[in-house]
Amino acid sequence: MALTFTVRRRDPELVGPASPTARETKHLSDIDGLEGFRAQVPCIFFYRCPPHTHAPPAGVIRKALAEALVSYYPLAGRLREVEARKLVVDCTGEGVLFVEADADVRLAELEAAGLRPPFPCLDQLLFDVEGSGGLFNCPLLLIQVTRLLCGGFVMALRLNHTICDAIGLAQFLSAVAELACGLPAPTVSPAWSRELLEVRTPPPVPHHEPDDAAPAPLPPPPPGGDMVLRTFTFTPAAVGAIRRGLPPGLRDTATTFEVLASALWRARTAALELPPNEDARLVFIANVRGVPALGLPSGYYGNACVPVPVLAAVEALTAGSLDDTLRRVREAKATVTAEYVRSVAGVLRKRR
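Residues numbered from 1 in each chain as written. Predicted model: local features only at pLDDT ≥ 70, side-chain atom pairs only at ≥ 80, totals over all residues. Heavy atoms only, no water.

With an unreviewed UniProt entry as reference, the protein is termed Benzyl alcohol O-benzoyltransferase, source organism Urochloa decumbens. Listed in UniProt under the heading Sequence similarities (unreviewed entry), the comment for the protein reads: "Belongs to the plant acyltransferase family." (UniProt positions renumbered as here; feature names shortened; annotations may be inferred.)

Here you go:
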C-alpha cells in the first residue's frame, strides 16, 4: 500500500543575502555550459529529530542560508545566455526560493516506504513553485524544509546545475550547516575562478577523442521487454565480496569506484546480450579538482567534472576477468589531465 500524507506549506519566499553584496555579471566556464548541466536537478535529505534543541528547523536554516549567500552571492542571482550560448549570472541579490512546510508523517514511516530513488513522494516534499523551474531568469536554488510529526525534518532542494556540481553544492550546504551551528564564517571560503576552465586557444586532441567522451543518448531497450528503473544498494560487505574476486595486487589497491564500475560494466554488457564483436562503452564522470595543472583553488564550487569514455569489445568484457576490466577503468582515469579537460571543454564549446 502506498504511503499517503498531507503537507501544509507556507507561501514561498525569496531569501537573499543577509548583507549587501556586489552587483555584477559573472561568466560561467565552458564546462558549466555543458548541455547535460543545463537542467534543474533535485536532491533530498532526511534528518532525525535534532537532540537538545526545540528551534524550528526552517527558521534556523533560513537564517543560515541568508548568511551563507553573502559569500556565495552568485547563487542569489539569475542566469542569462549571451552570444554563442555563453552563460553568465547576473548577481542581482534577488535570492533563492524557500518554502517552509509541515507534514503529518513520521520519518519511520518514510523509511518503511523506502528512502531510495525513485522516491514516490518527492513532489510533496519539493513543491514546484509556479514559474521557478526555468533555466534562465529564475531562482538558481529552491529549498523546501518540511517538519515531520516525530520532530525530524526533510530538506529537499532543486538546483540549477550550471552554477555548481555535487561537490560544489555539498560545499555550500556545509557552509549553511556551519553557520546554523553558530560558526562566524564557513570553514571553506568559496572561490569563483571560472576562467580557469575557459578555452582560450584551440586545444590539442586528447588520448580519447572528446567526441567519444561527450554524453550520448541512451541506447534503445533490448528486444523482449521494456527497461525498468531499479535502485541497488551496495553495502561495504557487497563491495568486499566483489573485491575478493580480484588478485591480491589489485584487491588491496583498487578503489571502491574502480571495483563497482568494473563489475557493473561487465554485468550490464552480459545482461544486454550484445554481439561479441561489438564495442561496449562505459562513460563515467571524473572530478578534476585534483588535477594540479588546472590550478583550481580550494573552495572552487563550479562544475569541475568531465565525462571519460572507456571502450572494450563485448567478448573481452564477458569472457575476460574482472581485473582486466578494472585495469581498463584505471587506465581511463589516468588520461584525465589538464590537456584532456581543456580538449573536452573545447569540443563542448563548439557544440553549443
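Here we come to the overall build of the protein. Each helix and strand counted, the protein has 11 helices and 11 strands in total. Here the protein has a C-alpha radius of gyration of 22 Å; the compact-globule value for 352 residues is 20 Å, and the two agree. Reported as C-alpha extents along the three principal axes, the dimensions of the protein are approximately 60 × 55 × 40 Å. Out of the 352 residues in the protein, the part that is buried amounts to 45%. Counting only contacts in the protein whose residues sit at least 6 apart along the sequence, the fraction spanning at least 24 positions is 80%. (Helix = DSSP H or I, 4+ residues; strand = E, 2+ residues; numbered from the N terminus. Rg over C-alpha atoms; globule rule 2.2 N^0.38 Å. Buried < 20%, exposed > 50% of the residue type's maximum accessible area, 1.4 Å probe, protein only. Contact = heavy atoms within 4.5 Å.)

The next subject is the nonpolar core. Judged by nonpolar contacts, the single largest core of 38 residues is most densely connected at L65, F98, I143, V145, I163 and F172. Elements with a contribution of two residues or more to this core: α1 (57–71), β6 (87–90), β7 (96–103), β8 (141–147), β9 (153–160) and α4 (166–180). The dominant element in this core, judged by the number of residues it contributes, is α1, at 7 residues. With sequence-adjacent residues up to four places away left out, L65 is seen in contact with V15, V96, F98, I143, F172 and V176. In this structure, V199, F284, V314 and A345 belong to the second largest nonpolar core, which totals 33 residues. (Core = buried A, V, L, I, M, F, W, Y, C linked by side-chain atoms within 4.5 Å.)

Another aspect to go through is the sheet that holds strand β5 (residues 78–81). If you trace the 3 strands from one edge of the open sheet to the other, you get β3-β6-β5, paired in antiparallel fashion. On the outer flanks of this sheet lie β3 (25–27) and β5, each paired with one strand and no other. Neighbouring strand axes in the sheet, compared pairwise and without regard to direction, differ in orientation by 30° on average. Note that β5 and β6 share 4 bridges and pair antiparallel. For R78, the partnering residue across the bridge sits in β6 and is D90. (Pairing = 2+ DSSP bridges. Axes fitted to C-alpha atoms, helices over the stretch in contact; angles between N-to-C directions.)

Attention now goes to the pattern of salt bridges. This structure, assessed with the given rule, holds 21 salt bridges. A salt bridge links R194 to D32; its shortest N-O distance comes to 2.8 Å. One end of the pair, R194, is in the loop between α4 and α5 (210–213); the other, D32, is in the loop between β3 and β4 (40–47), and 162 residues separate them in sequence. Using a relative accessible area of 0% as the deciding quantity, one classes R194 as buried. On the basis of relative accessibility, which here comes to 0%, the residue D32 falls in the buried class. Overlapping salt bridges bring together R10, E13, R62 and E100 as one network. (Salt bridge = Lys/Arg side-chain N within 4 Å of Asp/Glu carboxyl O.)

Looking now at the environment of I167. With respect to the helices, strands and loops of the structure, I167 is situated in helix α4. Judged by its relative accessible area of 41%, I167 falls in the partly exposed class. Separated by 137 residues in the primary sequence, I167 and A304 place their C-alpha atoms 8.6 Å from one another.

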